[in-house]
Structures are given as structure tokens and as C-alpha cells.
Amino acid sequence: MAFIMWMTGLPCSGKTTIVRAMQKHVPNLAILDGDELREWFSPKDFSREGRIEHNKRVAHLAKLLLKHNVPSGVSLVSPFIVNREDARKIVADDGRFFEVYVKCSLEQCETRDVKGMYKKARANEIKNFTGISDPYEAPEKPDLVIDTEKETLEQSVQNVLNFLKSKGVL
């Protein structure tokens, strides 16, 4: 059965890493990575309005995949609560949309940052960077919390798989 696993968290929290590792267990899992989609799907507008619009576009794409019975792992910062609420409304949640909070401290995310984005944001070279100059509104009631500081990648993936099985979509 198809589903949407909407992974939200700070940049470098582990969202994309988990989704990519999930493909070993869900071979037809479509990966909708925010960074990759932004390259061709949305202009590089990191204002609040631009982020909200980008998230809506990704939600519509995930909904289309769901309609065609393709499970998707959305790896998107989705910094605002309204982003995730909009996504759930767009998808017309029928029990197959799961908000997964990939929890990780800002300090740990900065140590994982191989692209140097946090360093550039702290030097004001990147504007509107989530966690530094823009807020991240953590989910109040996510369907699942994955703590990538306390779990290995394998544990995180297994926790997601167990959750999806408990929901009857795997």
C-alpha cells in the first residue's frame, strides 16, 4: 500500500539519509528530497512565503504519487507548522500521511554539515537559514519521532519500518 512519510527536521538532521536507507526495504519508494526538488521544482525563494509555496508543491507531487500507489519519502525541512498542516490537507489525509520528526540538536546538525551551510549562515552569507536566522517550529504531535542523536541509522530505519507496519502500509 502506498503512503507518504513526511520527514521534517533541521537541515542535516538525517532526513534524507533515513529515506535513502528505506529504499532497501521499500524498493519502489519515491524520494522527494527538498534540496533536489528545489533545483527544478521551485525558485530559490527562501522567504516564509517561498517556503510555504515550495512545501505545497511538494505535497501535490506526493499526493499524485499516492494516487498512483507509489509510496514516497519526503525529505523536507518544512520549518513551519503550517507547512505540515497544509501538506496533510493537500493530500486529504486518509490515514496514509505520516509526519515523522527527525529530531536532532542544532549543535549536532552543525557537526554533520558537510556542505558548510551552517558556517555560511552564521557568517551571514546565507540568509533565511533554518535554525540560524529563520525559525524551525518543531512538530507538536508528529506521528513518529526519530532521534538521530540517540539512534544509529539502522535503528532509525527499523523504527520507521516498525511504525509503517503497525499502520498496515507495509
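Scroll up to find the structure.
Being a predicted model, the structure only gives us computed values, none of them experimental.

1. Here's the deal with the sheet that holds strand S5 (residues 144-147)
Strand order in this open sheet of 5 strands is S2-S3-S1-S4-S5, and the pairing throughout is parallel. The open sheet has two free edges, formed respectively by strand S2 (30-33) and S5, since each of these has just one partner strand. Put simply, the sheet's adjacent strands are angled 20° from each other on average, direction ignored. Here strand S1 (residues 4-8) runs beside strand S3 (residues 72-75); their pairing, made up of 4 bridges, is parallel. Across the sheet, the residue bridging to tryptophan 6 is valine 74, located in S3. Its contacts with the sheet put helix H3 (residues 48-67) on S1, S2 and S3, and the angle it makes with S1 is roughly 155°. Along the sheet face, helix H7 (residues 153-166) touches S1, strand S4 (97-103) and S5 and points at about 170° away from the line of S5.

2. Some points on the packing of aromatic side chains
With the rule as written, the count across this model stands at 4 aromatic pairs. Ring geometry for phenylalanine 98 versus phenylalanine 163: centroids 5.2 Å apart, planes at 90°, classification edge-to-face. Here phenylalanine 98 is found in strand S4, whereas its partner phenylalanine 163 is found in helix H7, with 65 residues between them in sequence. In terms of burial, phenylalanine 98 and phenylalanine 163 fall into one category: buried. Relative to tyrosine 136, the ring of tyrosine 101 has its centre 6.2 Å away and its plane inclined at 20°; by these criteria the two rings are stacked. Residue tyrosine 101 is found in strand S4, and its partner tyrosine 136 is found in the loop between helix H6 (117-122) and S5; the two are separated by 35 residues along the sequence. Assigned by exposure class, tyrosine 101 and tyrosine 136 land together as buried.

3. Re the packing of helix H1 (residues 15-22) against H7
The contact between H1 and H7 brings their axes to 10 Å, and the two run at 65°. As far as their axial angle goes, H7 and H1 are roughly perpendicular. Helix-helix and strand crossings are classified by hand; for H1 and H7 the assignment is right-handed. Across the interface between the two elements, Thr17, Ile18, Ala21 and Met22 of H1 pack against Leu153, Ser156, Val157, Val160, Leu161 and Leu164 of H7. Here the contact of H1 with H7 is composed, by residue class, of 8 nonpolar, 2 polar and no charged.

What counts and what doesn't
Residues numbered from 1 in each chain as written. Predicted model: local features only at pLDDT ≥ 70, side-chain atom pairs only at ≥ 80, totals over all residues. Heavy atoms only, no water. Pairing = 2+ DSSP bridges. Helix = DSSP H or I, 4+ residues; strand = E, 2+ residues; numbered from the N terminus. Axes fitted to C-alpha atoms, helices over the stretch in contact; angles between N-to-C directions. Contact = heavy atoms within 4.5 Å. Phe/Tyr/Trp six-rings, centres within 6.5 Å; stacked < 30°, edge-to-face > 60°. Buried < 20%, exposed > 50% of the residue type's maximum accessible area, 1.4 Å probe, protein only. Parallel < 35°, antiparallel > 145°, perpendicular 65-115°, else oblique. Left-handed = near helix turned anticlockwise from the far one by under 90°. Nonpolar A, V, L, I, M, F, W, Y, C, P; charged D, E, K, R; others polar.

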